[in-house]
Structure formats: C-alpha cells, structure tokens
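# Report on the structure
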Amino acid sequence: MKIKIFSMIMSMFSLTACASCITTDDDPITENPVPDSTPGTETGKNGSVLVAYFSCTGTTEGIAEGIADITGASTFRIEAEEPYTAADLDYNSDCRANREQNNPKARPAIKSMPDGLDRYDVVFLGYPIWWGEAPRIISTFLECGDFKGKTIVPFCTSHSSGLGGSDRNLHSLAPDAVWIPGRRFAGNTAKTELEKWISGLDIKFDTDMDYSKFPLSEGKNGKAPTIRLSSGYDMPVVGLGTYSLTGDVCVNSVKSAISLGFRKIDTAHMYGNEVEVGRGVRESGVPREEIFVATKIYPNQYGNPEAAIDECLRKLDLGYVDLMLLHHPGTNDVKAYKAMERYVKEGKIRSIGVSCYYIKEIDDFIRQVDIKPVLVQNEVHPYYQDTDVVPHIQKLGIAVEAWYPLGGRGHQKELLNDPVLTEIAMRHGKSVAQVILRWDLQRGVVVIPGSSNPDHMKENISIFDFELSDEEMARIAALNRNEKHDWY
C-alpha cells in the first residue's frame with residue numbers, strides 16, 4: 001500500500017519546552033508501572049500503519065490505542081529488556097530514569113522490534129515526556145530499525161509538560177525518514193480531538209486494497225506475484241493445495257512445489273497432513289519466512305479452539321502460521337475466531353480468515369469480530385463462479401481464494417475437456433488448466449491447485465506469460481452453471 005503525503009504541516013501547534021515540569025501521569029513518578037499483557041506484539045486492520053509507543057503508567061498507551069482505533073493501525077508496545085520499576089521512576093531520587101535522561105548516550109535495551117517493520121509506511125511514535133525529552137528507550141527503538149522512506153508522526157503525553165524539542169531531537173536518529181511535527185496530548189484527550197488531529201495531517205490512509213485486480217504483470221513463470229493482505233503481510237496469488245496428499249507423497253510434493261517456485265502452501269486439520277506439510281517446508285532449503293503456510297481448523301474443534309490452534313502449531317512445527325482459517329461456519333465459530341485473534345496478538349498467527357462464507361455469512365460474521373478476515377476461501381471454478389459473492393467480498397477489503405479451481409473431485413475431467421476452454425487454450429498454446437487458473441487471477445481470485453505431479457505443478461505456476469482477452473473472459477463467464485460440486 002502506498003501512503004501518500006500530500007503536504008507537510010510545517011507548524012501545527014505552538015509548543016514550548018518545559019524541561020523540569022514533571023507532574024503528570026506518564027512522566028517519571030512514584031506509581032507502579034502498568035504491566036503489558038502482550039509485550040512486543042502487533043495487531044490491527046491497516047497493514048501499512050503502525051502505532052509504536054512506550055508507556056510506563058498507561059497514559060501513552062491510551063492515546064496510542066485511540067490513534068490505532070481511528071486509523072485501523074497495528075500497535076506495538078516498546079518494552080525495556082529490564083522492566084522499569086516504581087523505584088526506577090522515582091524522580092526525587094537518583095533513579096534509573098533520571099540517570100538515563102542525564103546521559104544523552106544512554107540506550108536502554110529493548111525486548112524486541114516490530115515484526116516486518118518494512119511493511120509499514122507510516123509510524124506513529126508515542127512516548128511520555130521525561131525531563132523535556134523523549135525517554136532514551138525511544139532512541140534505542142529508532143536506532144534498531146530501518147526507517148528510510150517512512151513517515152514518522154511523533155506524539156507525547158503529558159498534563160503539563162510541553163512537547164518542546166523532544167520530537168526534533170529524534171530526527172538525527174532516523175535521518176532518512178519523513179518527520180511530521182509532533183503533538184502533545186493529555187491523558188484524558190477525547191477521541192474527537194485525536195480524530196481532528198489525524199485528519200489535519202494530510203496523510204491518506206489506504207485501508208482497503210482493491211482485491212479485484214492483481215499485479216499480474218509483476219509475476220513470471222515460476223514466481224507468482226503477491227498481494228498485501230489487510231493484516232499487512234504479503235501473500236502469493238498462486239499456491240499448492242495439499243488435500244488428499246499424505247505421508248511421504250505430501251512431504252515430497254511440498255518440497256517439489258517449493259523448488260519450482262511455489263511460496264504458498266495450503267493445508268488443514270481435516271486433511272490430516274499438517275505434520276508432513278511442516279516437514280516439507282523445513283526440508284525445502286528455503287528460509288521459513290519466505291514460505292506462506294495456510295491451514296484451517298474444523299467446526300468440531302470450535303468448542304475448544306485453543307487446543308485446536310496449539311495442535312496445529314505443534315504439528316506444523318514452523319514457529320508460526322501465516323494464515324489460519326475457519327474451515328466452515330459452525331457452532332462457536334465466533335468463539336473460535338476470537339481465540340485466533342488472541343493468537344494473532346501473541347504473534348503465533350499472522351493473518352486470519354474464513355472459508356465457505358458467502359454474502360449473508362460474511363456480513364453477519366464481521367460484525368461480531370475485532371479483526372476483519374483477510375481472506376475468504378470458497379469453491380470457485382468456471383461451472384460455479386460465485387458471481388455475486390466474489391465482488392461482494394472483495395469490496396469489503398477481503399481477498400477471495402478458490403478451492404476446487406479445476407472443478408473438484410469427480411468433475412475435473414469434464415471441466416478440463418470443456419470445448420470453449422479447449423479452444424481458448426489452443427489459441428494461447430496453453431493447457432486448459434492454465435487457462436482456468438489465469439481466468440481466476442484476472443478476476444482477482446487466488447488459486448491453490450493441488451497436485452503431486454511436478455510437471456503439473458510447473459504448469460500451474462507458468463501462467464504469467466499470456467493474458468486472456470475481454471472476449472475470452474466473457475466466453476468463460478458464460479460457462480457458469482451455478483453448479484456446486486461440494487456440500488457447502
């Protein structure tokens with residue numbers, strides 16, 4: 001996503017320094033620091049915006065959450081490797097906070113940096129005012145990350161101390177970033193005031209991608225292009241489906257697919273092959289972070305979703321899951337999804353979505369959850385085109401993925417011998433399967449054809465050297481029979 005900065009606000013507010021006025025909830029004081037229940041984690045709807053903040057007593061955290069709620073941003077709490085105690089913040093003594101602030105070179109170690117910092121275009125950076133400056137831990141944060149080309153929007157919290165030059169003093173620590181003048185907020189600042197401030201920044205937040213159009217010109221045979229999900233993570237538009245692949249066949253199929261350029265693998269609890277998929281990824285020789293692994297939990301697991309998610313993580317043994325879906329609607333599906341949301345906050349799942357949800361189902365569902373699904377996986381093929389459902393989901397800012405893209409069990413032979421598709425394929429010197437997969441992609445539908453045959457795999461990811469004309473797309477659209485090949 002591109003975040004466009006239309007104009008820089010050169011002078012937003014009249015701000016004065018107050019280097020010794022320390023009388024606020026979030027300045028060095030003698031209260032007990034507020035513990036963070038989920039340190040160093042991110043969650044949000046707008047994958048291009050991050051709110052990073054340091055907060056000892058909760059004031060900065062409250063403002064940060066308000067900004068994230070307005071912008072749909074992810075949040076990241078900056079945590080000291082050695083947590084601050086109440087004694088550390090007792091400014092009337094020779095406390096740790098005072099010693100750090102008196103030493104411009106002090107750099108308190110931090111627990112972690114945001115995962116995938118490169119995907120954020122705008123970073124709101126929040127901190128309390130400590131003796132007229134940002135706490136030195138903010139300097140650590142800026143020096144530990146690459147902020148080149150990013151827009152940084154500082155904000156501080158204080159009931160009396162001004163922002164002063166605290167934001168400008170940070171510029172040298174990220175000189176290649178675009179800095180917007182900062183803003184001070186009191187802890188009780190109303191949300192309407194935050195909204196007014198954000199709207200005046202002249203930053204355009206593109207919260208939803210156009211999932212009806214994929215950047216297919218960026219792909220090449222053997223390397224599918226990616227789309228950015230609303231979670232902020234990139235996902236290839238072509239993957240390997242592993243339904244019916246078991247044992248060593250599954251392991252070797254995953255390894256073959258990855259060697260041929262596939263970087264997305266789809267599995268599910270119901271397939272009974274998560275162990276083999278994880279092994280194939282680990283043995284592929286390609287770094288884990290380059291492989292996008294998706295799985296699904298089944299309705300009979302929704303009653304105890306934590307156990308289901310833990311089982312999935314254990315079987316895959318990949319450290320985290322890139323995408324987890326609910327396999328079908330069912331009793332306790334909202335409960336299961338909310339459990340997945342908690343695992344997102346813990347960094348164990350990166351993106352979440354659903355499968356077999358249509359217009360009514362998805363509209364009802366998203367009103368009950370906090371994190372919008374990044375993807376809906378439905379049955380889609382030329383004989384069942386989901387013509388109303390696909391654009392509806394895409395307009396919600398949710399990607400659509402096709403299972404059974406080639407027709408499914410017992411129906412694939414008929415589809416691959418369809419005379420219209422055969423004629424179009426011959427015209428392009430391609431197979432019917434390649435034409436179908438290209439048709440999906442040109443509709444903005446992700447595909448995950450399954451195969452254990454390396455020749456077929458290579459064929460399935462070699463669909464970026466031709467394009468279907470509008471007339472050909474229309475002819476394929478006319479094949480729709482609304483003929484569903486599975487029960488849901």
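Now for a quick tour of the structure. (Residues numbered from 1 in each chain as written. Predicted model: local features only at pLDDT ≥ 70, side-chain atom pairs only at ≥ 80, totals over all residues. Heavy atoms only, no water.)

## A word on unusual backbone geometry
Stated formally: Each helix corresponds to a stretch of at least 4 residues labelled H or I by DSSP, and each strand to a stretch of at least 2 residues labelled E; elements are numbered beginning at the N terminus. Between buried and exposed lies partly exposed: a residue is buried under 20% and exposed over 50% of the maximum accessible area for its type, with that area taken using a 1.4 Å probe on protein chains only.
The backbone of Asp386 shows a phi angle near 50°, a positive value even though the residue is not glycine. One can find Asp386 in the loop between strand E16 (375–379) and helix H10 (389–395). Although it is not a glycine, Tyr404 sits at a positive phi angle of roughly 60°. Exposure remark for Tyr404: the relative accessible area of 14% places this residue in the buried category.

## With respect to the packing of aromatic side chains
Threshold: Two rings from Phe, Tyr or Trp (for Trp, the six-membered ring) form a pair when their centres are within 6.5 Å of each other. A pair whose planes differ by under 30 degrees is stacked, one over 60 is edge-to-face, and the rest are tilted.
In total, this model carries 12 aromatic pairs according to the counting rule given. Centroid distance Tyr91 to Trp131: 5.9 Å. Interplanar angle 70°. Geometry classified as edge-to-face. Of this pair, Tyr91 sits in the loop between strand E3 (73–77) and helix H2 (96–101) while Trp131 sits in the loop between strand E4 (122–128) and helix H3 (136–144), and the two are 40 residues apart along the sequence. Tyr91 sits in the partly exposed class, given a relative accessible area of 27%. Where Tyr243 meets Tyr271, the ring centres are 5.2 Å apart and the plane angle is 80°; that geometry is what we call edge-to-face. Within this pair, whereas Tyr243 is found in the loop between strand E11 (240–241) and helix H5 (247–259), its partner Tyr271 is found in the loop between strand E12 (264–266) and helix H6 (274–282), the two being separated by 28 residues in sequence. Classification of Tyr243 by relative accessible area gives partly exposed; the value is 37%. A connected cluster of aromatic rings, assembled from ring pairs, spans Phe54, Tyr84 and Trp130.

## Things to note about the sheet that holds E11
Which entries qualify depends on this criterion: Here a strand pair is declared whenever DSSP counts at least two bridges between the two strands. In this analysis, two residues are considered to be in contact whenever any of their non-hydrogen atoms come within 4.5 Å of each other. Orientation is described by axes fitted as lines to C-alpha atoms, over the contacting stretch for helices, and by angles from 0 to 180 degrees between their N-to-C directions.
Taken in spatial order, the eight strands make up an open sheet running E11-E12-E13-E14-E15-E16-E17-E18, and their pairing is parallel. Lying at the two open borders of the sheet, with one neighbouring strand each, are E11 and strand E18 (445–447). Bridge count for E16 against strand E17 (residues 399–403) is five bridges, and the pairing is parallel. If you follow Asn378 over to E17, its bridge partner there is Ala402. Against the sheet, helix H13 (residues 432–442) makes contact with E17 and E18, and its axis sits at roughly 145° relative to E18, the strand it touches most.

## Regarding the side chain of Lys430
Definition in use: Under this definition, polar contacts are N or O atom pairs within 3.5 Å; protein pairs additionally need one hydrogen-donor-capable and one acceptor-capable atom, and for neighbouring residues in sequence, both atoms have to be side-chain atoms.
Relative to the assigned elements, Lys430 resides in the loop between helix H12 (419–428) and H13. Of note is the side chain of Lys430, whose polar atom sits 2.8 Å from the side chain of Asp465. For Lys430, the residues in contact, after removing those within four places along its chain, are Asn221, Ala425, Ser462, Asp465 and Phe466.

## Looking at the pairing of E4
Both faces of the sheet carry side chains from a regular strand, because those side chains alternate between them. To be explicit about the condition: Handedness rule for crossovers: strands pointing away from the viewer, path from the first strand over the helix to the second running clockwise, crossover right-handed.
Burial analysis of E4 places seven of its seven residues in the buried class, the great majority of the element. Alternating residues of E4 divide into Val122, Phe124, Gly126 and Pro128 and Val123, Leu125 and Tyr127, and every residue in both groups is buried. Strand direction decides the pairing type here: E4 and strand E5 (residues 151–157), joined by seven bridges, are parallel. Bridge pairing links Val123 to Ile152 in E5. Regarding topology, H3 serves as the crossover connection from E4 to the parallel E5, and that connection is right-handed.

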